Amino acid sequence: MSLICPLCHQPLLQQANSFRCDAGHQFDQAKEGYVNLLPVQHKGSREPGDSAEMLQARRAFLDAGHYQPLRAGVAEILAQHLSNQNSQLLDIGCGEGYYTAAMADALPQAQLFGLDVAKAAIRMAAKRYRKVKFCVASSQRLPFADASLDGVVRIYAPCNEEELSRVIKAGGYLLTVTPGPHHLQQFKALIYREVQLHAAEEKVYAGFKQIDQQNLNYSMTLSGSEAVSLLQMTPFSWRAREEVWQDLAASSEFTCDADFMLTLWQRD
């Protein structure tokens, strides 16, 4: 177990249904199986992260299988590089656990951790996916020991790059998923006067080298309610006019592009 106390950074040891450090800080395991490692002074708001309503819409959309190719692609890359190890792997910003569960299935010998700042998301994830250890925590202050993780997965999630360098061991992996140039361009056409393609992410992580990059793109055909759920999951939702929401909800079919860049980095 590589968890550390978010208050004093000493190792956390599990004792029955609690996690304790030598300084006496204690974090109780919820009945669903997760542990809350987000102290109130680190929350930033009363209920950080996605709302329960947004999470339910996301789960319904993901359960319908529209992002299954991405889920499979992430799992396949991890299995290629970590399948022969008793690895410790973290999914940052795991939400309700859709991708994390596939990682656990692809790496049966590994210990999978899922982390999200939204307590409602972690509660949903822990209820459904028992093979994963889930925790409520901030991606800006990862509750993991130095050089303790063999891999970290970052699917659209915010993160602290210094923390990534701290927790990933030498030779370990960072897998990122970012939008490809054509991702959801049909939504953009409904919201903006001019549709601009996503610019390629020219990213460099200090202390890492890029060893692989793959583009995954395909077309999705959605019902009106599924299109509404997907729009809720995107940054575009804040700019969508009321008539956009109404038109999508009333439509019998909406076709749009899924376009992802999967990039694998290795720690020096």
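All values derive from a computational prediction rather than experimental measurement. (Residues numbered from 1 in each chain as written. Predicted model: local features only at pLDDT ≥ 70, side-chain atom pairs only at ≥ 80, totals over all residues. Heavy atoms only, no water.)

Participant: What exactly am I supposed to notice about the overall build of the protein chain here?
Facilitator: Regarding its fold elements, the protein chain presents eight helices and 11 strands. Relative to its length of 268 residues, the protein chain is compact, with a C-alpha radius of gyration of 19 Å against a globular reference of 18 Å. Each of the three principal axes of the protein chain carries a C-alpha extent, and together these read 55 × 40 × 30 Å. Taking all 268 residues of the protein chain together, the buried fraction comes to 49%. Long-range contacts, defined as pairs at least 24 residues apart, comprise 66% of the intrachain contacts of the protein chain with a sequence gap of at least 6. Summed over all atoms, the accessible surface of the protein chain reaches about 13000 Å², with 47% contributed by carbon and sulfur. Charge separation in the protein chain, taken as the distance between the mean sites of 25 positive and 29 negative side-chain charges, equals 7 Å. (Helix = DSSP H or I, 4+ residues; strand = E, 2+ residues; numbered from the N terminus. Rg over C-alpha atoms; globule rule 2.2 N^0.38 Å. Buried < 20%, exposed > 50% of the residue type's maximum accessible area, 1.4 Å probe, protein only. Contact = heavy atoms within 4.5 Å. Areas by Shrake-Rupley, 256 points an atom, 1.4 Å probe, with all protein chains shown as cover. Lys, Arg positive; Asp, Glu negative; His and termini not counted. Charge placed at Lys NZ, Arg CZ, Asp CG, Glu CD.)

Participant: Before we go on, may I ask you to explain the sheet that holds strand S3 (residues 26–28) in this structure?
Facilitator: The strands that make up a sheet pair up through hydrogen bonds in the backbone, lying either parallel or antiparallel. Here we have three strands laid out as an open sheet, ordered S1-S2-S3, and antiparallel in their pairing. Either end of the sheet is taken by a strand with one partner, and the two such strands are strand S1 (13–15) and S3. The average angle at which neighbouring strand axes cross in this sheet is 30 degrees, direction not considered. (Pairing = 2+ DSSP bridges. Axes fitted to C-alpha atoms, helices over the stretch in contact; angles between N-to-C directions.)

Participant: I keep staring at the environment of Ala249 and nothing clicks. Help me out?
Facilitator: With respect to the secondary-structure elements, Ala249 resides in helix H8 (residues 242–250). Take Ala249: its relative accessible area is 49%, and that puts it in the partly exposed class. Sequence-wise, Ala249 and Ser2 are 247 residues apart; in three dimensions their C-alpha atoms are separated by 45 Å. If sequence neighbours within four positions are ignored, Ala249 has contacts with Gly224 and Val228.

Participant: Would you mind going over the environment of Ala147 with me for this structure?
Facilitator: Locating Ala147 in the fold gives a position in the loop between strand S7 (133–136) and strand S8 (149–155). Ala147 sits 66 residues away from His81 along the chain, and the two C-alpha atoms are 18 Å apart. Dropping the residues within four chain positions of it, Ala147 is found in contact with Arg166, Val167, Ile168 and Lys169.

Participant: Help me understand the packing of helix H1 (residues 52–63) against helix H4 (residues 119–128), please; the structure alone is not making it clear to me.
Facilitator: Axis angle and axis distance: for two packed helices, these are the angle between their axes and the distance between the axes, and together they describe the pair. For the pair H1 and H4, interaxial distance at closest approach is 10 Å and the crossing angle is 40 degrees. Classified by the angle between their axes, H1 and H4 sit oblique to one another. Residues Leu55, Gln56, Arg59 and Asp63 of H1 form the contact with H4, whose participating residues are Ala120, Ala121, Met124, Ala125 and Arg128. Residues that form the contact of H1 with H4 fall into these classes: five nonpolar, one polar and three charged. (Parallel < 35°, antiparallel > 145°, perpendicular 65-115°, else oblique. Nonpolar A, V, L, I, M, F, W, Y, C, P; charged D, E, K, R; others polar.)

Participant: It is not clear to me how the packing of aromatic side chains should be interpreted in this structure. Could you clarify?
Facilitator: The relation between two aromatic rings is expressed through the spacing of the ring centres and the mutual angle of the planes. Tallied over the entire structure, the rule returns eight aromatic pairs. Look at Phe61 and Tyr67: their rings are 5.3 Å apart centre to centre, the planes differ by 90 degrees, and that puts the pair in the edge-to-face class. Like Tyr67, Phe61 is buried. Between Tyr98 and Tyr99, the ring centres sit 5.0 Å apart and the planes meet at 80 degrees, which makes this aromatic pair edge-to-face. The two residues Tyr98 and Tyr99 agree in class, both being buried. (Phe/Tyr/Trp six-rings, centres within 6.5 Å; stacked < 30°, edge-to-face > 60°.)

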